[in-house]
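# Working through the structure, step by step
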Amino acid sequence: MIQVKRLRHLALTVTDMERQLAYYRDIIGLAEIGREAGRAFLASEAGQLSIVLEQGGVAGLARLGFDLPADGDIAAAERALVAAGMPAERCTDVAPGCPVALRSRDADGRAIELHVAFHGYENRLPLPGIAPLKLGHVACFSPDPAATADFFTGQLGFRVSDWIEDRFVFLRCNHEHHTVNFTRGPDARMHHMAFELRDAGHMHRAADILGGQKVPILWGPVRHGPGHNVAMYHRDPEGNAIELFHGLDCMTDEALGFWDPRPWHRDRPQRPKTWVGLPRDVWGLPPSQAFLEMHRLQLPEEKG
Ligand SMILES: [Fe+2]
């Protein structure tokens, strides 16, 4: 079976390239490592390609890029996708540091890319802006979250971490609680994407940067229930919801079957489970009306 190991990057369709590039470079704090006709490539301070901006007509998620093991067998992955009835188009040099990729689609028709033999960007200077550790996870709507979870577990090697009732699933592909989430909705649009910060001090600095740029903070900081990450949300200039987080649950040893113990866990040990009822968050105020209105098709209590 294909074993996805981590999220590499997201490709976003943007309607105003210069505005979005300025936000992801100067406020989020990513390095512009490449530019070609209608596309811009941005990497984290740690040198990892994180965001690809692609000029287009409707702002939103264009593609999810995942890493297979660095020495992964791309031909075997191609065979596995074809055997599952999925498209598999082998590509080369799709982005800086991404010499070989397979392009396919998930159960909702969302475009995905699987990468092997990747390498980092040789950035050695601190970056201005928030400068997150990495792109951490992406949450999307799905008409059938259970079927999408079956695809990600059955075809791409993910494991189910938590459910919120029967409508919001958190999936992991490594020790971190979630790399992809799916919440019930009418189509496959992105719900939010999330950058990982180092700690509470980094979160405080991020809030100061957003405040200084007059970017409204729409929710948080709050410590969530599922994943127990401390999270804070705002929007990018084209309306994509952006989460900044730290302190996500980890399962260092899968054989134990529970998250590394933390003082704020209510269950001891804290195992993967289905969360029912409110409140789920450990602390923090409920989402603002502005946050809820970002996802008008969402039920008021839905979040991630
Ligand atoms: Fe999230």
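These numbers were taken from a predicted model, which means no experiment stands behind them. (Residues numbered from 1 in each chain as written. Predicted model: local features only at pLDDT ≥ 70, side-chain atom pairs only at ≥ 80, totals over all residues. Heavy atoms only, no water.)

Another aspect to go through is the UniProt feature "domain: VOC" (unreviewed entry) in the protein. Residues annotated by UniProt as "domain: VOC" (unreviewed entry) correspond here to residues 6-117 and 134-247. Secondary structure content for residues 6-117 is 19% helix and 50% strand, and the end C-alpha separation is 13 Å. When the span residues 134-247 is considered, its composition is 22% helix and 43% strand, and the gap between its end C-alpha atoms is 13 Å. (UniProt positions renumbered as here; feature names shortened; annotations may be inferred. Helix = DSSP H or I, 4+ residues; strand = E, 2+ residues; numbered from the N terminus.)

On to the domain arrangement of the protein. Split by domain assignment, the protein resolves into domain 1 (6-116) and domain 2 (134-294). One C-alpha centre belongs to domain 1, the other to domain 2, and the line joining them spans 21 Å. At the junction of the two partners, domain 1 supplies 34 residues and domain 2 supplies 34 residues. Here domain 1 and domain 2 share an interface that buries about 2,500 Å² over both sides, 71% of which is from carbon and sulfur atoms. At the boundary of domain 1 with domain 2, the tally comes to one salt bridge. Scanning the region where domain 1 abuts domain 2 turns up nine residue pairs in polar contact (both at pLDDT 80 or more). Contributions of two or more residues to the side of domain 1 that touches domain 2 are made by strand 1 (6-14), helix 1 (17-27), strand 4 (49-55), strand 5 (60-67) and strand 8 (111-116). Among the elements that take part in the side of domain 1 that touches domain 2, strand 1 stands out by supplying eight residues, more than any other. A class-by-class count of the residues in the side of domain 1 that touches domain 2 yields 20 nonpolar, six polar and eight charged. (Domains from an automatic or database assignment. Contact = heavy atoms within 4.5 Å. Buried area = accessible area lost by both parts, 1.4 Å probe. Salt bridge = Lys/Arg side-chain N within 4 Å of Asp/Glu carboxyl O. Polar contact = N/O pair within 3.5 Å; in protein donor to acceptor, adjacent residues only side chain to side chain. Nonpolar A, V, L, I, M, F, W, Y, C, P; charged D, E, K, R; others polar.)

Further remarks concern the side chain of Asn229. With respect to the helices and strands, Asn229 occurs in the loop between strand 14 (219-223) and strand 15 (230-235). Residues contacting Asn229, with those up to four places away along its chain left out, are His178, Val222, Arg223, His224, Glu243, Phe245, His246, Gly247 and Leu248.

We now examine the sheet that holds strand 17 (residues 273-275). To summarise the sheet geometry, strands pair through backbone hydrogen bonds and adopt either a parallel or an antiparallel arrangement. One open sheet accounts for nine strands, arranged 14-15-16-13-9-12-11-10-17; its pairing is mixed. Looking at strand neighbours, the two that pair on one side only are strand 14 and strand 17, the edges of this open sheet. Shown here is a sheet whose adjacent strand axes are inclined to one another by a mean of 20°, direction ignored. Where strand 9 (residues 134-142) and strand 13 (residues 190-196) come together, six bridges link them in antiparallel fashion. Among the inter-strand pairings, His137 is bridged to a residue of strand 13, identified as Ala194. Along the sheet, helix 4 (residues 200-212) makes contact with strand 15 and strand 16 (241-246), crossing strand 15 at roughly 20°. (Pairing = 2+ DSSP bridges. Axes fitted to C-alpha atoms, helices over the stretch in contact; angles between N-to-C directions.)

Let us now look at the pattern of salt bridges. Applying the stated criterion to the full structure yields 24 salt bridges. A salt bridge links Arg39 to Glu36; the nearest nitrogen and oxygen atoms lie 3.1 Å apart. What makes Arg39 buried here is its relative accessible area of 16%. The class for Glu36 is partly exposed, based on a relative accessible area of 42%. (Buried < 20%, exposed > 50% of the residue type's maximum accessible area, 1.4 Å probe, protein only.)

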